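Below, each chain spelled out in residue letters.
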Amino acid sequence: MENYDVVIIGAGPAGYVCAVRSAQLGLKTAIIDKQWLGGVCLNVGCVPSKALLRNAEIAHILRERGREFGFSFDNLTLDYEVAVKRSRQASDRLTKGVGFLMKKNNVAVLMGSAKFAARDTISITDTDGKTIEIKSKNIIIATGAQTMVPPAWKVDGKHIITYLEAILQTKLPESAIIIGAGAIGVEFATIWNSYGVPMTIVEMLPRLLPLEDDEVSTELARAFAKRKITTLVGHKVDSLEASETGVTLQASGDKGVVSLKAAQALVAIGFRPNSHELGLVEQGVKLTDKGAIEIDERMSTNIPGTWAIGDVTGKLMLAHVGSAQGIVCAENIAGVETVQLNYEMMPRATYCQPQVASFGLTENQAKERGMEIKVGKFPFQANGKALGLGDYAGWVKIIADAKYGEILGAHMIGPEVTELLPELTSAQMMELTTSEIARNVHAHPTLSEALMEAAHAAEGHSINI
Ligand SMILES: Cc1cc2nc3c(=O)[nH]c(=O)nc-3n(C[C@H](O)[C@H](O)[C@H](O)COP(=O)(O)OP(=O)(O)OC[C@H]3O[C@@H](n4cnc5c(N)ncnc54)[C@H](O)[C@@H]3O)c2cc1C
């Protein structure tokens, strides 16, 4: 039986990054996956969805803003199949890259479904039903998460779908209902709306992107209304049924009982960790009541030698968080210097139009904690680069400690704000103050000037507004 220092179950962004780091640290490493390298993120999540969103951005400009930019055409044809093909190419390219990385770092790749046979032994069954066992001093669980669907809603892959069908289908629905206004819901709303699909988003909580700062939700609702996306927030879905031709949904909330019909419904209400078919209970590994694997700040479970990273830990179900956990986990196993992750300060990015990006406390959270804060806000309407791009909805908002100017959080909605996040997360990590960010000269004209201006605003001396 082959013996390893580290065996990782799951080759998503948590698992494969952890494998590279383990191998770099001289640990004999293997990674197991039952279907692909790159996990949900590279195959059917982050990467292909962002390719579709790029198509959506261009489609929206051509369909709705041609006159403004001086483009005219007699017959505009939008071929969505080509958009999906392009998204598959982006995905394939990256997943092949993961294979290359495994080879380059001498990580053994084993394809098959993995399960604990003992604390230090994993059994792997491939698609032909052949089973082998391997041993390892350390076993890292990085098996990700799957869409949460209430049992009464029957996903048939045709009329009632999850992100998986939504990302792979080459034909657009004639009309759609999106259930859930989290990141996945609002991203698909952006894609489908850009291609002219009429739709309604239904959300149980009172606002779009309910975990973001209140003002972000209001701004996004305004932008979606402008794009003629119907939103029904504060409404809980009571029933969802498919028929031969489409779906019927009933929801109740502030507007009473609402009945909706559409060709397709996308269920995007959340994820649950893939922790149930690994034999964890038999090994005594502790799970939370939501089925996530409990870990400490080292990424260790309650069983020494058994570790967990990524979505399966239910911390923040984001690819970059999983990758960061993977690196910390490998470094703890190797016993080298590492860091403790501050989940509250992790960047969060949503690629709807306009984009949303944030980290840290919202204004309300800071107030609820009794903190004395100052808030600096700057609108993209007053930013030269945004005006040139013709993309100036939204703003940057920085929440800082009132006395010392320490950054407690930042919330942005607008053009390419996901690319602006790292400046502020680095500043927060390096304990820079709003006064120091304001003093950092930013090139003109750039979208990043909005960060400097918001920092000036927090200091009480806005320049360009
Ligand atoms: C449509 C969509 C868009 C998204 N966009 C973003 C985004 O823009 N940014 C972002 O940060 N996040 C995004 N996410 C979330 C992101 O995809 C996840 O946070 C990320 O994939 C989690 O990584 P992971 O390594 O924990 O798990 P996964 O990527 O889910 O990988 C887990 C792997 O484990 C394997 N596996 C599971 N069980 C077993 C087993 N028993 N044996 C062997 N292998 C097993 C699976 O095959 C899979 O490859 C998106 C998700 C979706 C669905």
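The rules we used
- Residues numbered from 1 in each chain as written.
- Predicted model: local features only at pLDDT ≥ 70, side-chain atom pairs only at ≥ 80, totals over all residues.
- Heavy atoms only, no water.
- Helix = DSSP H or I, 4+ residues; strand = E, 2+ residues; numbered from the N terminus.
- Rg over C-alpha atoms; globule rule 2.2 N^0.38 Å.
- Buried < 20%, exposed > 50% of the residue type's maximum accessible area, 1.4 Å probe, protein only.
- Areas by Shrake-Rupley, 256 points an atom, 1.4 Å probe, with all protein chains shown as cover.
- 1 Å grid on protein atoms, 1.4 Å probe; cavity = no way out; pocket = protein on both sides within 12 Å on 5 of 7 lines; lining within 4 Å.
- Points joined across faces, edges and corners; volume = space filled by probe spheres on them.
- Nonpolar A, V, L, I, M, F, W, Y, C, P; charged D, E, K, R; others polar.
- Near = heavy atom within 4 Å.
- Polar contact = N/O pair within 3.5 Å; in protein donor to acceptor, adjacent residues only side chain to side chain.
- Expected span 1.5 Å × (residues − 1).
- Arc of directions from axis to C-beta.
- Contact = heavy atoms within 4.5 Å.
- Pairing = 2+ DSSP bridges.
- Axes fitted to C-alpha atoms, helices over the stretch in contact; angles between N-to-C directions.
- Domains from an automatic or database assignment.
- Salt bridge = Lys/Arg side-chain N within 4 Å of Asp/Glu carboxyl O.
- Disulfide = S-S within 2.5 Å.

Visitor: A description of the overall build of the protein chain should follow, citing residues and the corresponding values.
Guide: Counting secondary structure elements, the protein chain contains 15 helices and 22 strands. The globule rule puts the C-alpha radius of gyration for 465 residues at 23 Å, and the 23 Å found for the protein chain is close to it. In terms of overall dimensions, the protein chain has a C-alpha envelope of 65 × 60 × 45 Å along the principal axes. In the protein chain, which comprises 465 residues, the share counted as buried stands at 52%. Counting only carbon and sulfur atoms, one obtains 52% of the accessible surface of the protein chain, whose full area is about 21,900 Å².

Visitor: Lay out empty space enclosed by the protein with the relevant residues and their values.
Guide: Applying the stated criterion across every chain yields a total of one cavity of 30 Å³ or more. Forming the walls of the largest cavity are Thr147, Tyr163, Ile184, Val267, Ala268, Ile269, Gly270 and Phe271. Among the residues forming the lining of the largest cavity, the class breakdown is six nonpolar, two polar and no charged.

Visitor: Explain the site of the ligand to me, using residue names and the numbers behind them.
Guide: Taken together, the neighbourhood of the ligand is formed by 35 residues, with Asp33, Lys50, Ala114, Asp311 and Ala319 sitting nearest. Residue Ala319 places a main-chain N or O atom 2.8 Å away from an oxygen atom belonging to the ligand. Within the side chain of His320, a nitrogen or oxygen atom sits 3.4 Å from an oxygen atom of the ligand. Burial of the ligand by the protein chains amounts to 93% of its free accessible area of 990 Å². Only helix 1 (13–24), helix 2 (39–44), helix 3 (46–64), strand 4 (113–118) and helix 10 (319–334) provide two or more residues apiece to the shell around the ligand.

Visitor: How would you sum up helix 8 (residues 214–226)? Please name residues and give values.
Guide: In this model helix 8 runs 19 Å from its N-terminal to its C-terminal C-alpha over 13 residues, within 8% of the 18 Å that 1.5 Å per residue would give. Where helix 8 is concerned, the buried positions are Val216, Ser217, Glu219, Leu220, Ala223 and Phe224. All buried residues of helix 8 lie within an arc of 165 degrees about the axis, which places them on one face of the element. The outward face of helix 8, more than 90 degrees from its buried face, is lined by the exposed residues Arg222, Ala225 and Lys226. Those residues of helix 8 that are buried are in contact with helix 7 (183–194), strand 10 (199–203), strand 11 (230–233), strand 19 (355–360), strand 21 (395–401) and strand 22 (407–414).

Visitor: An account of the layout of surface pockets is requested, with residue identities and associated values reported.
Guide: If you add up the space inside the second largest pocket, you get close to 990 Å³. His60, Arg65, Lys226, Asp391 and Ala393 are the residues nearest the centre of the second largest pocket, which is lined by 34 residues in total. When contributions to the lining of the second largest pocket are tallied by element, the ones reaching two or more residues are helix 3, helix 4 (66–69), helix 7 and helix 8. It is helix 3 that contributes the most residues to the lining of the second largest pocket, five residues altogether. Of the residues belonging to the lining of the second largest pocket, the class tally is twelve nonpolar, ten polar and twelve charged.

Visitor: A description of the pairing of strand 4 should follow, citing residues and the corresponding values.
Guide: Pairing between strand 4 and strand 5 (residues 121–125): five bridges, direction antiparallel. Bridging from a neighbouring strand, Ser113 pairs with Thr125 of strand 5. Connecting strand 4 to the antiparallel partner strand 5 that follows it, the hairpin turn spans two residues.

Visitor: Requested: an account of the side chain of Thr306, with residues and values cited.
Guide: Within the secondary structure, Thr306 sits in strand 17 (residues 306–308). For Thr306, a relative accessible area of 1% translates into the label buried. In this structure, Thr306 is in contact with Phe116, Arg119, Ile139, Ile141, Val285, Ser300 and Thr301, ignoring residues within four places of it in sequence.

Visitor: Talk me through helix 7; I want residue IDs and the actual numbers.
Guide: Here helix 7 is twelve residues long and its end C-alpha atoms lie 17 Å apart, about the 16 Å a rise of 1.5 Å per residue gives. Here helix 7 lies mainly inside the structure; ten of its twelve residues are buried. Three or more residues of helix 7 are buried, namely Gly185, Val186, Glu187, Phe188, Ala189, Thr190, Ile191, Trp192, Asn193 and Ser194. Residue Gly196 follows helix 7 closely and has a positive phi angle near 90 degrees.

Visitor: Explain the sheet that holds strand 15 (residues 264–267) to me, and be specific about the residues and the numbers.
Guide: With parallel pairing, the five strands of this open sheet are ordered in space as 8-15-9-10-11. A strand with exactly one partner marks an edge of an open sheet, and here the two such strands are strand 8 (160–161) and strand 11. Relative to strand 15, strand 9 (residues 176–179) is paired through four bridges, and the arrangement is parallel. Within strand 15, the position partnered with Ile178 by the bridge is Leu266. Of the strands in this sheet, strand 8, strand 9, strand 10 and strand 15 are in contact with helix 7, which crosses strand 9 at around 165 degrees.

Visitor: Kindly report on the domain arrangement of the protein chain, identifying the contributing residues and their values.
Guide: You can read the domains of the protein chain as domain 1 (2–147 + 272–343), domain 2 (160–269) and domain 3 (354–458). A C-alpha centroid distance of 31 Å is found between domain 1 and domain 3.

Visitor: Explain the pattern of salt bridges residue by residue, including any values.
Guide: All chains considered together, the criterion is met by 17 salt bridges. Taking the shortest distance from any N to any O, the salt bridge between Glu2 and Lys28 comes out at 2.8 Å. Pair noted here: Glu2 is in the segment before strand 1 (3–9) and Lys28 is in the loop between helix 1 and strand 2 (29–33), with a separation of 26 residues, a long-range link. Accessibility expressed as a relative area gives 41% for Glu2, which makes it partly exposed.

Visitor: Go over the state of the cysteines, please, and point to the residues and values.
Guide: Overall, the coordinates contain one disulfide when judged by the stated rule. Disulfide pairing places Cys41 opposite Cys46 at an S-S distance of 2.4 Å. Sign of the S-S torsion, about -130 degrees for the bond between Cys41 and Cys46, identifies this disulfide as left-handed. The thiol of Cys18 is unpaired, and the distance to the nearest cysteine sulfur, on Cys329, comes to 4.6 Å. On the basis of relative accessible area, Cys18 is assigned to the buried category, the value being 0%.

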